[in-house]
Amino acid sequence: MKNFAAFCCMIALSLTLFGCGEPTAATTQQPDEAVVSASEVAEPQKALEKIYENIDIIGILPAIDSVMEDQFNISPDLLDEYYVNYSSGRYGVADVFILKPAKDQLLNVRELLEQVKLNRIKEFENYDIHNSYQIAQDAEIFEQDDYVIMLMLDDSEAARKIIDQYLPKK
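The model shown is predicted, which means the values in this text are computed figures rather than measured ones.

Undergrad: Quick question: what am I supposed to make of the packing of aromatic side chains here?
TA: Scanning all chains against the criterion turns up two aromatic pairs. Ring centres of Phe72 and Tyr86 lie 5.2 Å apart, and the angle between their planes is 85°; this geometry places the pair in the edge-to-face category. With a gap of 14 residues between them, Phe72 in the loop between α4 (65-70) and β2 (79-87) and Tyr86 in strand β2 connect regions that are remote in the sequence. Assessed through its relative accessible area of 5%, Phe72 is described here as buried. Ring geometry for Phe72 against Phe97: centres 5.0 Å apart, planes inclined by 85°, an arrangement best described as edge-to-face. Within this pair, whereas Phe72 is found in the loop between α4 and β2, its partner Phe97 is found in strand β3 (residues 95-101), the two being separated by 25 residues in sequence. Per residue, the accessibility class of Phe72 equals that of Phe97, and both read buried. Across from the ring centre of Phe142, 3.6 Å away, lies the NZ or CZ of Arg160, which sits over that ring.

Undergrad: I would appreciate a short explanation of the side chain of Lys117 in the present structure.
TA: With respect to the element layout, Lys117 can be found in helix α5 (residues 106-125). Glu114 provides the closest opposite charge to the buried, unpaired Lys117, separated from it by 5.2 Å. A polar side-chain atom of Lys117 sits 3.4 Å from the main-chain carbonyl oxygen of Gln137. Each residue touching Lys117, except ones within four places of it in the same chain, is listed here: Ala136, Gln137, Ala139, Ile141, Met150 and Met152.

Undergrad: Explain unusual backbone geometry to me, please; I cannot follow it from the model alone.
TA: The phi torsion of most residues other than glycine is negative, and most of the peptide bonds are trans. With phi around 65°, Asp104 is a residue other than glycine that occupies positive phi space. Within the fold, Asp104 resides in the loop between β3 and α5. Look at Asp104 and you get exposed, because its relative accessible area is 71%. Even without a glycine there, the phi angle at Asp145 is positive, about 55°. Along the chain, the position of Asp145 falls in the loop between β4 (140-144) and β5 (147-152).

Undergrad: How do you make sense of the packing of helix α3 (residues 44-51) against helix α7 (residues 156-166) when you look at a structure like this?
TA: Angle between the axes and distance between the axes are the two parameters that describe a pair of packed helices. One way to put it is that α3 packs onto α7 with a least axis distance of 9 Å and a crossing angle of 155°. Classified by the interaxial angle, the pair formed by α3 and α7 is roughly antiparallel. For the element pair α3 and α7, the recorded crossing hand is right-handed. Facing α3, whose interface residues are Lys46, Ala47, Lys50 and Ile51, α7 presents Ala159, Ile162, Ile163 and Tyr166. Of the residues contributing to the contact of α3 with α7, the split by class is six nonpolar, no polar and two charged.

Undergrad: What exactly am I supposed to notice about the pattern of salt bridges here?
TA: Oppositely charged side chains can pair when the atoms bearing their charge come close. Per the counting criterion, the structure on display carries six salt bridges. Salt-bridge contacts for Asp95 lead to Arg120; the nearest nitrogen and oxygen are separated by 2.8 Å. Within this pair, whereas Asp95 is found in strand β3, its partner Arg120 is found in helix α5, the two being separated by 25 residues in sequence. The same class applies to Asp95 and to Arg120, which are both buried. Salt bridges linked by common partners bring Asp95, Arg120 and Glu123 together as one network.

Rules behind the numbers
Residues numbered from 1 in each chain as written. Predicted model: local features only at pLDDT ≥ 70, side-chain atom pairs only at ≥ 80, totals over all residues. Heavy atoms only, no water. Phe/Tyr/Trp six-rings, centres within 6.5 Å; stacked < 30°, edge-to-face > 60°. Helix = DSSP H or I, 4+ residues; strand = E, 2+ residues; numbered from the N terminus. Buried < 20%, exposed > 50% of the residue type's maximum accessible area, 1.4 Å probe, protein only. Lys NZ or Arg CZ within 6 Å of the ring centre and 35° of its normal. Lys, Arg positive; Asp, Glu negative; His and termini not counted. Salt bridge = Lys/Arg side-chain N within 4 Å of Asp/Glu carboxyl O. Polar contact = N/O pair within 3.5 Å; in protein donor to acceptor, adjacent residues only side chain to side chain. Contact = heavy atoms within 4.5 Å. Axes fitted to C-alpha atoms, helices over the stretch in contact; angles between N-to-C directions. Parallel < 35°, antiparallel > 145°, perpendicular 65-115°, else oblique. Left-handed = near helix turned anticlockwise from the far one by under 90°. Nonpolar A, V, L, I, M, F, W, Y, C, P; charged D, E, K, R; others polar.

Remember that the coordinates give geometry; whether it matters functionally is a separate question.
Structure (structure tokens):
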């Protein structure tokens, strides 16, 4: 009987030691508790910063409310949040729009973003510096997480991978 009790204590001790180290989501998760990993949290600002790390075009600007409204015809009232960098166009095009529409504004915001794309295409039609006209024509507009996104970049594929990393798909 003493051997059996000693054996049980040894098993319990080894199981306790087996769990030592850094806690993981699997070891810390409570039955009814939702665990959100870092990769599941939307980080649009980090995505924008990461995309522009390797872009060397002069004249990249962050959009503010007045630019969104006056230049791109997108009222900030239609958005819960937005993360936008755009190029002046004088040295090429490198625009990224990450827009989170307000409730029931998804279709409206998407249409406005389509219009931004068309306007940029027209802008570069007669002033095609660094292949801006083709880049504008090839711009991607898509929805991911709760955001409507436009990538108007020379390397949209690399930017899309960054978006996937920082804005998880639902």
